[in-house]
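What follows is each chain in one-letter form.
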Amino acid sequence: MKIGVLALQGDFIEHQQMLEGIGVQVIQVRLPAHLQKLDGLIIPGGESTTIGKLAVDFDLLEPLRQFGRERGIWGTCAGAIFLSKDIHRQQPLLQLMDITVSRNAFGRQVDSFEITLNVPALARVGDTSPFRAVFIRAPLIDAVQEGAEVIASLPNGRIVAARQGKLLATSFHPELTGDDRFHRFFMEMLK
Amino acid sequence: MTEEKATFAVKKGLAQMLKGGVIMDVVTAEHAKIAEDAGAVAVMALERVPADIRADGGVARMSDPEMILSIMDAVTIPVMAKCRIGHFVEAQILEAIGVDYIDESEVLTPADEEHHVDKYKFNVPFVCGARNLGEALRRVGEGAAMIRTKGEAGTGDVVEAVRHARTVLGQIRRLQNLPDEELMSFAKENGAPYELVVETRKLGRMPVVNFAAGGIATPADAALMMQLGVDGVFVGSGIFKSGDPARRAAAIVKSVTHYNDPKILAEVSRNLGEPMVGRQISAIPDSELIAHRGW
């Protein structure tokens, strides 16, 4: 399996290191040609306005949409925003997943936090022990529409991870924790 | 399952999200919008860009909170603001208004010539300048969650940013070749906390995100710093002291993403209009240099 990390901006190296740690070959994607021969793609955390603008400037929007219709994409934080259908403001989006998202839903950086989540779906990789999730100026998934399913929620019920076929969105950052279960889960999803 | 705020992972985490990006100095809400539209990952809100602080002289202090708040209202990207070195009350005020990062900056006139702010006392994360690994690790030891080279702000001359990046990254390369028994002497010689020396050696990089700053004025300057091995760049006076700020800002953003692709760098460097005028650092008297501020 060969996985791309969208390397326009953000913490793509953290994702790359997690994937390499579980023996996956990684390609950094900055131009449409880099998408060839990949089995899946991760869109990292970063600033969604920056990633969206660069994707437009380097003609990546349509190739990424095409990629997501055929193969798997996982977006973390800014990546989850980029995958969504609607974020209540004008900004370039892939609109691949039937989820609506609110940016900076928890407030400013002083409101960023860590919390432990129960993620039953991680049974797929054989370990459902609680997952330490880091939320940085994070978005929330307001709602999942038909076709998408909730993977994880906060104790108050707000949605922070969703899946639709081979597409995965998390509003937190498994790449920052050293816990590789979500990366293994994504690899399982691609099979 | 309760949430924990202001952990070091959360503080450092925002800097990790800024990697591969450009943080731009802005003095008005209008500038901030231009920066956001150009693809900036964050803005640094301040009353005067370093080139003007340099030209005006006098004491440079924290900006008016009203001005910072107007910028926070204008954009959705993170907003940083500067406090003076050691001025922990300016830092408290910046935290109270909700800025996303504080730059304890040598660009402002230092408030304390021996001590920096105890950054562990704050929930808001800090970025600090450094000229070498020892200085960088002292700042991390005080709780900084992000480091930038100092360069020489407000000059448009990249030479000091290059010197500082080469020094920090070169020291890390040398550190990796040292046997265990030489680490304590390395820590002593460089005035760096021993535990952070050990951690840096193990990681093969600084334990926090490391940006370049101070004198970056063109897409080529930004790509140069990226190729040297920094995680992203700050551009201060270089954008809004140039002829066409929106165009130059967008070009620098692209140059940081495609820093290793000379064809794209050539393309984005075309027709940017006048760069900032700039001052050659070697022609500036020592008394006017600011990078030596910090202890």
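These numbers come from a predicted model, not from an experiment.

Participant: Which residues make up the packing of aromatic side chains, and what are the values?
Facilitator: All names here are of chain A. Under the criterion given, the structure shown has twelve aromatic pairs over all chains. Arranged with centres 5.5 Å apart and planes meeting at 80°, the rings of Phe-172 and Phe-182 form a pair that is edge-to-face. Here the residue Phe-172 occupies a position in the loop between strand 11 (167-170) and helix 5 (181-189), and Phe-182 occupies one in helix 5, the gap between them amounting to ten residues. Taking the relative accessible area as the measure of exposure, Phe-182 reaches 0% and is therefore buried. Three or more aromatic residues joined by ring pairs make a cluster, and in this case those are Trp-74, Phe-106, Phe-113, Phe-131, Phe-135, Phe-172, Phe-182, Phe-185 and Phe-186.

Participant: If you had to explain the nonpolar core to someone new, which residues and values would you point to?
Facilitator: Core analysis: the biggest nonpolar cluster contains 87 residues, and Ile-68 and Met-225 of chain B have the highest contact counts within it. Here this core takes six residues from helix 12 (residues 245-257) of chain B, the largest share from any one element. When near neighbours in sequence (up to four residues on either side) are disregarded, Met-225 of chain B contacts Val-158, Ala-161, Val-162, Ala-165, Ala-212, Ile-216, Val-230 and Val-233 of chain B. Judged by nonpolar contacts, the second largest core, of 33 residues, contains Ala-7, Leu-140, Ala-161 and Met-187 of chain A.

Participant: Tell me about the pattern of salt bridges, residues and numbers included.
Facilitator: All names here are of chain B. Tallied over the entire structure, the rule returns 37 salt bridges over all chains. Where Glu-152 meets Arg-54, a salt bridge forms, and the shortest distance between an N and an O atom there is 2.6 Å. Of this pair, Glu-152 sits in the loop between strand 7 (146-149) and helix 7 (159-176) while Arg-54 sits in helix 3 (residues 50-56); the two residues are 98 residues apart in sequence, bridging distant segments of the chain. Here Asp-103 and Lys-82 are joined by a salt bridge, their closest N and O atoms 2.8 Å apart. Remark: Lys-82 occurs in strand 4 (residues 79-84) and Asp-103 occurs in strand 5 (residues 101-105); sequence separation between them is 21 residues.

Participant: How would you sum up the sheet that holds strand 7 (residues 131-135) of chain A? Please name residues and give values.
Facilitator: The strand order across the open sheet formed by three strands is 7(A)-6(A)-1(B), and the pairing between neighbours is antiparallel. Only two strands of the sheet have a single neighbouring strand rather than two, namely strand 7 of chain A together with strand 1 (4-5) of chain B.

Participant: Tell me about a negative patch on the surface, residues and numbers included.
Facilitator: All names here are of chain B. Taken together, the side chains of Glu-47, Asp-64, Glu-66 and Asp-73 define an acidic patch exposed on the protein surface. Here Asp-64 lies in the loop between helix 3 and helix 4 (65-74). We classify Asp-64 as partly exposed; its relative accessible area is 38%.

Participant: Can you break down the interface of chain B and chain A residue by residue, with the values?
Facilitator: Taken together, the contact between chain B and chain A spans 42 residues of the former and 40 residues of the latter. Buried area between chain B and chain A, summed over both chains or domains, comes out near 3,200 Å², and the portion from carbon and sulfur atoms is 58%. Counting every contact that joins chain B to chain A gives six salt bridges. Here Arg-132 of chain A makes a salt bridge to Glu-4 of chain B, at a shortest N to O gap of 2.6 Å. Among the elements of the structure, strand 1, helix 1 (8-18), helix 2 (29-38) and helix 12 of chain B are those that each provide at least two residues to the side of chain B that touches chain A. The greatest single-element share of the side of chain B that touches chain A, amounting to eight residues, is contributed by helix 1 of chain B. In the side of chain B that touches chain A, the residues fall into 20 nonpolar, twelve polar and ten charged. Here strand 6 (residues 113-117) of chain A pairs with strand 1 of chain B via two bridges, running antiparallel. Bridging from a neighbouring strand, Phe-113 of chain A pairs with Lys-5 of chain B of strand 1 of chain B.

Participant: Tell me about the sheet that holds strand 7 of chain B, and name the residues and values.
Facilitator: Residue and element names in this part refer to chain B. Taken in spatial order, the eight strands of this open sheet run 8-7-6-5-4-3-2-9, and their pairing is parallel. Each edge of the sheet is formed by a strand with only one pairing partner; in this case those strands are strand 8 (209-211) and strand 9 (233-235). This sheet shows a mean twist of 30° between the axes of neighbouring strands, independent of strand direction. Bridge analysis of strand 4 against strand 5 gives five bridges, and the strand direction is parallel. Counterpart to Arg-84 in the pairing with strand 5 is Ser-105. Sheet contacts for helix 1: strand 2 (22-26), strand 3 (42-45), strand 4, strand 5, strand 7 and strand 8; angle to strand 5, the most-contacted strand, approximately 90°. Here helix 12 sits on the sheet and contacts strand 2 and strand 9; the angle it forms with strand 2, its principal contact strand, is near 155°.

Participant: Tell me about the pairing of strand 1 (residues 2-6) of chain A, and name the residues and values.
Facilitator: Residue and element names in this part refer to chain A. A large share of strand 1 lies buried, amounting to four of its five residues. When strand 1 meets strand 2 (residues 25-29), the two strands line up parallel, connected through five bridges. Within strand 2, the residue paired with Ile-3 across the bridge is Val-26. Since strand 1 and strand 2 lie parallel, the crossover through helix 1 (residues 12-21) that links them has a hand, and here it is right-handed.

Participant: Could you give me a rundown of the environment of Phe-182 of chain A, with the residues and numbers involved?
Facilitator: Sequence separation between Phe-182 of chain A and Trp-74 of chain A is 108 residues; the distance between their C-alpha atoms is 9.9 Å. Residues in contact with Phe-182 of chain A, not counting those within four places in the same chain, are Trp-74, Val-119, Leu-122, Phe-131, Leu-168, Thr-170, Phe-172 and Pro-174 of chain A.

Conventions used here
- Residues numbered from 1 in each chain as written.
- Chains lettered and ligands numbered in written order.
- Predicted model: local features only at pLDDT ≥ 70, side-chain atom pairs only at ≥ 80, totals over all residues.
- Heavy atoms only, no water.
- Phe/Tyr/Trp six-rings, centres within 6.5 Å; stacked < 30°, edge-to-face > 60°.
- Helix = DSSP H or I, 4+ residues; strand = E, 2+ residues; numbered from the N terminus.
- Buried < 20%, exposed > 50% of the residue type's maximum accessible area, 1.4 Å probe, protein only.
- Core = buried A, V, L, I, M, F, W, Y, C linked by side-chain atoms within 4.5 Å.
- Contact = heavy atoms within 4.5 Å.
- Salt bridge = Lys/Arg side-chain N within 4 Å of Asp/Glu carboxyl O.
- Pairing = 2+ DSSP bridges.
- Patch = residues over 30% accessible without salt bridge, like charges linked within 9 Å, V, L, I, M, F, W, Y side chains within 5 Å.
- Areas by Shrake-Rupley, 256 points an atom, 1.4 Å probe, with all protein chains shown as cover.
- Lys, Arg positive; Asp, Glu negative; His and termini not counted.
- Charge placed at Lys NZ, Arg CZ, Asp CG, Glu CD.
- Buried area = accessible area lost by both parts, 1.4 Å probe.
- Nonpolar A, V, L, I, M, F, W, Y, C, P; charged D, E, K, R; others polar.
- Axes fitted to C-alpha atoms, helices over the stretch in contact; angles between N-to-C directions.
- Right-handed = clockwise from strand over helix to strand, strands pointing away.

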